[in-house]
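Analysis of the macromolecular model
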Amino acid sequence: MPRGEQEMWVHEIVQDGPPIRDLLSECEWAIIDAKYPAGDRDEAGMVVTSGWDVVEQPFSGKGRRFQGVLQIEPLGEAGLYRVSSRVRVQANKEVYRTLDRAEADWQSIEDDMGRARTLLQHLLGRVQAPGLSDDFYKRKPWRESNG
């Protein structure tokens, strides 16, 4: 796989975690906490993906967009999970109209490990504290946060 398309995941083990459905909701809240736009929740695949956070720049190749991904893997016993995070990064290679999103030429570059660690810490802070987070009891977090 070319260097610019390598998937770079950060992993942690969660013990005494909530049921998977609840953990997926906490993943959505972690993405909101990390300031990513709402995206997609795949319950069957146990993956929560944010929308793209776009950072525009007037110079070709300098504009970036970031997409956070949180993945859950049950490890056999109740409440024991491997949680993984990655942040996809794309650069805008458009040369002339770099600030026009309709003209953007997004090309994948290397994942951002620092942002992936930060995103994972947002999740761990929510699920390793005693009890469920205060936000947990709000239904469908992405719909409520985006009006």
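Presented here is an overview of the structure given in this document. Just so you know, the residues in each chain are numbered from 1, in the order the chain's sequence is written. In view of the model being predicted, local features appear only for residues whose pLDDT reaches at least 70, and side-chain atom pairs are presented and counted only at 80 or more, with totals across whole chains, interfaces and linings using the full set of residues. Side-chain numbers here rest on the full set of heavy atoms in the structure, without hydrogens or water.

Here's the deal with the pattern of salt bridges
We count a salt bridge whenever a side-chain nitrogen from Lys or Arg sits within 4 Å of a carboxyl oxygen from Asp or Glu. As enumerated under the stated definition, the model contains 10 salt bridges in all. The salt bridge involving Glu-103 is made with Arg-97; its shortest N-O contact spans 4.0 Å. Categorising residues by exposure relies on relative accessible area from a 1.4 Å probe, with only protein chains included: less than 20% of the type maximum marks a residue as buried, more than 50% marks it as exposed, and the intermediate range marks it as partly exposed. Its relative accessible area of 35% is what places Glu-103 among the partly exposed residues. Here Arg-97 falls in the partly exposed class, since its relative accessible area comes to 47%. Through salt bridges with shared partners, a single network forms among Glu-26, Asp-33 and Arg-126.

Some words on helix α2 (residues 113-127)
Helical segments are the DSSP runs of H or I of at least four residues, strand segments are the runs of E of at least two, and each set is numbered from the N terminus. Expected span of a helix, by definition, is 1.5 Å for each gap between consecutive residues, and there is one gap fewer than residues. When the terminal C-alpha atoms of α2 are compared, their 21 Å separation across 15 residues agrees well with the 21 Å that a helix rising 1.5 Å per residue should span. Listing the buried residues of α2 in full gives Ala-116, Leu-119, Leu-120, Leu-123, Leu-124, Arg-126 and Val-127. Projection of α2 onto a plane perpendicular to its axis shows the buried side chains occupying an angular sector of 160 degrees, all on one side. Those residues of α2 that are buried are in contact with β1 (10-14), α1 (20-33), β5 (64-74) and β6 (81-92). Any pair of nitrogen or oxygen atoms within 3.5 Å is treated as a polar contact; in protein, a donor-acceptor pairing is required on top of that, and neighbouring residues in sequence qualify only through side-chain atoms on both sides. Capping the start of α2, Asp-112 holds a side-chain oxygen 3.1 Å from the backbone nitrogen of Gly-114, two or three residues further along. The arc refers to the directions leading from the helix axis to the C-beta atoms. The contact criterion used throughout is that any non-hydrogen atoms of two residues lie within 4.5 Å.

Digging into unusual backbone geometry
Even without a glycine there, the phi angle at Asp-16 is positive, about 55 degrees. Secondary-structure assignment places Asp-16 in the loop between β1 and α1.

Regarding the nonpolar core
Generally speaking, a soluble globular protein has its nonpolar side chains buried in company with each other. Here, the term nonpolar core denotes a set of buried Ala, Val, Leu, Ile, Met, Phe, Trp, Tyr and Cys residues that are joined through side-chain atoms within 4.5 Å. Among the nonpolar cores identified, the biggest contains 24 residues, and Leu-70, Ile-72, Val-83 and Leu-123 are the most heavily contacted of them. Beyond its immediate stretch of four places on either side in the chain, Val-83 contacts Val-10, His-11, Glu-12, Val-14, Leu-23, Gln-71, Ile-72, Leu-120, Leu-123 and Leu-124.

Quick word on the environment of Ala-30
Considering the arrangement of structural elements, one finds Ala-30 in helix α1. By relative accessible area, Ala-30 is classed as buried at 0%. Excluding its chain neighbours within four sequence positions, the residues that come into contact with Ala-30 are Leu-70, Leu-119, His-122, Leu-123 and Arg-126.

Quick word on the packing of α1 against α2
Look at α1 against α2: their axes get within 8 Å of each other, and the N-to-C directions meet at 130 degrees. The angle between α1 and α2 falls in the class oblique. Two packed elements cross with a definite hand, and for α1 against α2 that hand is right-handed. Residues Leu-23, Glu-26, Cys-27, Trp-29, Ala-30, Ile-31 and Asp-33 of α1 pack against Leu-119, His-122, Leu-123, Arg-126 and Val-127 of α2. Lys, Arg, Asp and Glu make up the charged group, whereas Ala, Val, Leu, Ile, Met, Phe, Trp, Tyr, Cys and Pro make up the nonpolar group; the residues left over, Gly among them, are polar. Partitioning the contact of α1 with α2 into residue classes produces 8 nonpolar, 1 polar and 3 charged. Every axis in this analysis is a line fitted to C-alpha atoms, fitted for helices over the stretch in contact. Angles between the N-to-C directions lie between 0 and 180 degrees. Angular relationships are summarised with four words: roughly parallel below 35 degrees, roughly antiparallel beyond 145, roughly perpendicular across 65 to 115, and oblique for the angles in between. The crossing is said to be left-handed when, going from far helix to near helix, the turn is anticlockwise and less than a right angle, and right-handed when the turn is clockwise.

Comments concerning the packing of aromatic side chains
The relation between two aromatic rings is expressed through the spacing of the ring centres and the mutual angle of the planes. Only the six-membered ring of Trp is used, alongside the rings of Phe and Tyr, when aromatic pairs are assigned; centres must lie within 6.5 Å, and planes under 30 degrees apart are stacked while those over 60 apart are edge-to-face, with the rest tilted. Overall, the coordinates contain 0 aromatic pairs when judged by the stated rule. Counting as a charge over the ring demands two things of the Lys NZ or Arg CZ atom: a distance within 6 Å of the ring centre and an angle within 35 degrees of the ring normal. The ring of Trp-52 carries Arg-65 above its face, with NZ or CZ at 4.3 Å from the centroid. A cation over an aromatic ring shows up here: Arg-115 above the ring of Phe-66, its NZ or CZ 3.6 Å from the ring centre.

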